[in-house]
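The residues making up each chain are set out below.
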Amino acid sequence: MELIPTANLLSKTLFLGFVTLLFSCGPSKWLATQSDTEQMLEDITFLADDKLEGRTFGSRGETKAGIYISKRFNQLGLKPMGERGTWFQTLTVNNPNPHTVEFAKPGDSGSKSGRNVLGYIDHGAPYTIILGAHYDHLGYGSFGSLYVGGPAIHNGADDNASGVAMILELAQRMQSETEFNFLIMAITGEENGLWGSNYYCDHPTIDLSKVTAMFNFDMVGRLNENKMAINGTGTSPVWPDLIKAANLANLNITQGESGIGPSDHTSFYLTDMPTIHFFTGAHEDYHKPSDDVHLINAEGMDIIADMVSNMIELMDSNEKLPFSKTKDPDPSSTPTMEVTLGVLPDYLYDGVGMRIDGVREGKPAANAGMIKGDVIMKLAGKDIKDIYVYMEALGTLHKGDKAKLVALRDGKEIEFDIQF
Ligand SMILES: [Zn+2]
């Protein structure tokens, strides 16, 4: 790994920008007529429209979204990299239950099919970078929803039309990054349990041994106060330095080491591939119908696209990034949860305790009067240093138990009686 000093990077970027300007007056209407942010907003607006009915795996809305993405790939000059020269890779799932996933043959009764959308930029380079984002979401909210008002279209503008707009934006930018090839991948079935990425890793359409890294974008549309999380930074020893050197916008970045997380990078990590996940944080509209396009920060997305471009610019194109396994919570020691508090952890919080970003109506935390912003400091006699201790504490509790919980609100300790 060789890091180009920042000043060099800047001049190289400026130079590339100049070259891009020179050549951007050609036939591509995207480059000529629309700014980055406008195009990203247009893509999100299409994907997060009610007409697509929440893009759930195997639905009409998912099909429409996939066709739209393939058309955008075509406009951007990508090469189809799905099955049999198409843009698509179909996966068929029997008994679509997230806990008993089983891939089936098309046509099996009770099975459902969805499609990954795959495009390639071939620069004849030795190594390939995968830029991925899931495009499916929760449909009408029959599973995975945090909304309690009955069936309603979950548009998923941030989750994850934003990630799709980001890979389209990057696909355009990477035309001039000739030191790598790129696989641009819009993934299905993420919300059901990483189905599309899992299937792809078992049925790759390119040689995965030539892939140097996978970048996953899942919820990148809500940059707020320049705070962002990058997960998976322990999957290669070079990530932390690379992130630091590429962070020219001075984003306030929380790094999470583990390659295992609640999104598609996990599937790639498990094939021993360096992989990172960009995430602008959970919010009140997470997995609710209110996750809509007017709340998207497109300028923030442009800042993130700049940072990713800088990172790729700095990556060694002659050698694969070294892979490292990360310290993951040992599954045998992870307690199985019998109870839930009904809170949404703030994954960007890096102080002591566990800050919550929202509460679910009708669940123990909400019933006891807890609100968004409370920082859990104690639960059932345990000091809650972080989310892991919290999970442990929760794992010791049973249905029907009562427990004392201490939280900080506006700097003051408040005690809550939680009834599970
Ligand atoms: Zn989601």
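An account of the accompanying structure is given in this report. (Residues numbered from 1 in each chain as written. Predicted model: local features only at pLDDT ≥ 70, side-chain atom pairs only at ≥ 80, totals over all residues. Heavy atoms only, no water.)

**A short note on the packing of aromatic side chains**
Right, so step 1: A complete count under the given rule lists 8 aromatic pairs for this structure.
Right, so step 2: With centroids separated by 5.6 Å and ring planes inclined at 85 degrees, the aromatic side chains of Phe215 and Trp239 adopt a geometry described as edge-to-face. Of the two residues, Phe215 is situated in strand β7 (residues 211–217) and Trp239 in helix α7 (residues 239–246); the sequence distance between them amounts to 24 residues.
Right, so step 3: On the basis of relative accessible area, Trp239 is assigned to the buried category, the value being 0%.
Right, so step 4: When the ring of Phe217 is compared with that of Phe278, the centres are 5.2 Å apart and the planes differ by 25 degrees; the resulting orientation is stacked. Taken together, the residues Phe217 in strand β7 and Phe278 in strand β10 (residues 275–279) connect sequence positions 61 residues apart.
Right, so step 5: Here Phe217 falls in the buried class, since its relative accessible area comes to 0%. (Phe/Tyr/Trp six-rings, centres within 6.5 Å; stacked < 30°, edge-to-face > 60°. Helix = DSSP H or I, 4+ residues; strand = E, 2+ residues; numbered from the N terminus. Buried < 20%, exposed > 50% of the residue type's maximum accessible area, 1.4 Å probe, protein only.)

**As for the pattern of salt bridges**
Right, so step 1: Applying the stated criterion to the full structure yields 15 salt bridges.
Right, so step 2: The salt bridge involving Asp36 is made with Arg173; its shortest N-O contact spans 3.3 Å. Taken together, the positions of Asp36 in helix α3 (residues 36–47) and Arg173 in helix α5 (residues 157–173) put the pair 137 residues apart, joining distant regions of the chain.
Right, so step 3: A relative accessible area of 17% means that Arg173 is categorised as buried.
Right, so step 4: Among the charged side chains, a salt-bridge network with shared partners connects Asp36, Glu169, Arg173, Asp302 and Asp306. (Salt bridge = Lys/Arg side-chain N within 4 Å of Asp/Glu carboxyl O.)

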